[in-house]
Amino acid sequence: QVQLIESGGGLVQAGGSLRLSCAASGRTFTYMGWFRQAPGKEREFVAALNWEGTGMRYGDAVKGRFLISRDSGKNTVYLQMNSLKPEDAALYYCAATYRYGLVSLFTTYDYWGQGMQVTVSS
């Protein structure tokens, strides 16, 4: 059974940092990624990483501020979020796929975490 267990969300002041974690189990994947969704908005691509940890992609809104990485020994993917802005506040989801496709599309992903809230105070 595939599971994606997220942790690390919470409240942070603008300009601060948070690290999200996603522990994967049940199978191997081709890509893991992070998406976010704010109230009244569409789900937005944040970042993705191939299973080898050698290829990363980022959404335009987070480039230069967020970093996606993987601990292969723990099958865990991290999203280090720096210089957080109020507009980064959203429900953040971890996602994984065993297929190949456009990693910025949420339809590429087969498995999703439960989502966790990130709140950024101004």
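Details of the structure are given in the entry above.
So, a few notes on the structure that sits alongside this text. (Residues numbered from 1 in each chain as written. Predicted model: local features only at pLDDT ≥ 70, side-chain atom pairs only at ≥ 80, totals over all residues. Heavy atoms only, no water.)

### A closer look at the packing of aromatic side chains
Remark: the centre distance and the inter-plane angle together describe each pair of aromatic rings, the angle taken between the planes. If you walk through the whole model with that rule in mind, you get nine aromatic pairs. Pairing Phe 29 with Trp 51 gives two aromatic rings, centres 5.6 Å apart and planes at 75 degrees, and the pair type is edge-to-face. Of the two residues, Phe 29 is situated in the loop between strand E3 (18–25) and strand E4 (31–37) and Trp 51 in the loop between strand E5 (44–50) and strand E6 (56–58); the sequence distance between them amounts to 22 residues. As far as burial versus exposure is concerned, Phe 29 and Trp 51 are alike and both buried. The interplanar angle of 80 degrees and the centroid separation of 6.3 Å between the aromatic rings of Tyr 93 and Trp 112 together place this pair among those described as edge-to-face. Taken together, the positions of Tyr 93 in strand E9 (residues 90–97) and Trp 112 in strand E10 (residues 111–112) put the pair 19 residues apart, joining distant regions of the chain. Given the relative accessible area of 28%, Trp 112 is considered partly exposed. An aromatic cluster is built from Phe 35, Phe 45, Tyr 93, Tyr 109 and Trp 112, whose rings are joined through pairwise contacts. Just above the ring of Tyr 93 sits the side chain of Arg 43; from NZ or CZ to the centre is 4.4 Å. Positioned over the ring face of Trp 112 is Arg 43, at 4.7 Å from the centre of the ring. (Phe/Tyr/Trp six-rings, centres within 6.5 Å; stacked < 30°, edge-to-face > 60°. Helix = DSSP H or I, 4+ residues; strand = E, 2+ residues; numbered from the N terminus. Buried < 20%, exposed > 50% of the residue type's maximum accessible area, 1.4 Å probe, protein only. Lys NZ or Arg CZ within 6 Å of the ring centre and 35° of its normal.)

### Quick notes on the side chain of Asn 50
Looking at the secondary structure, you find Asn 50 in strand E5. Setting aside anything within four residues of it in sequence, one finds Asn 50 in contact with Thr 30, Tyr 31 and Gly 55. (Contact = heavy atoms within 4.5 Å.)

### Some points on the state of the cysteines
Within this structure, the stated rule accounts for one disulfide. Paired through a disulfide, Cys 22 and Cys 94 show a sulfur-sulfur distance of 2.0 Å. Torsion about the S-S bond of the Cys 22 and Cys 94 cystine: about -80 degrees, corresponding to left-handed handedness. With Cys 22 in strand E3 and Cys 94 in strand E9, the pair connects residues that are 72 residues apart, well separated along the chain. Cys 22 sits in the buried class, given a relative accessible area of 0%. Take Cys 94: its relative accessible area is 0%, and that puts it in the buried class. (Disulfide = S-S within 2.5 Å.)

### Notes on the pattern of salt bridges
A side chain with one charge may pair with a side chain of the opposite charge, provided their charged atoms come close. Under the criterion given, the structure shown has five salt bridges. Note that Lys 63 is salt-bridged to Asp 60, the shortest N-O span being 3.2 Å. Accessibility classification places Lys 63 together with Asp 60 in one group, the exposed group. Taken together, the salt bridges that share partners define one network made up of Arg 36, Glu 44, Arg 65 and Asp 88. (Salt bridge = Lys/Arg side-chain N within 4 Å of Asp/Glu carboxyl O.)

By themselves these figures say nothing about function.
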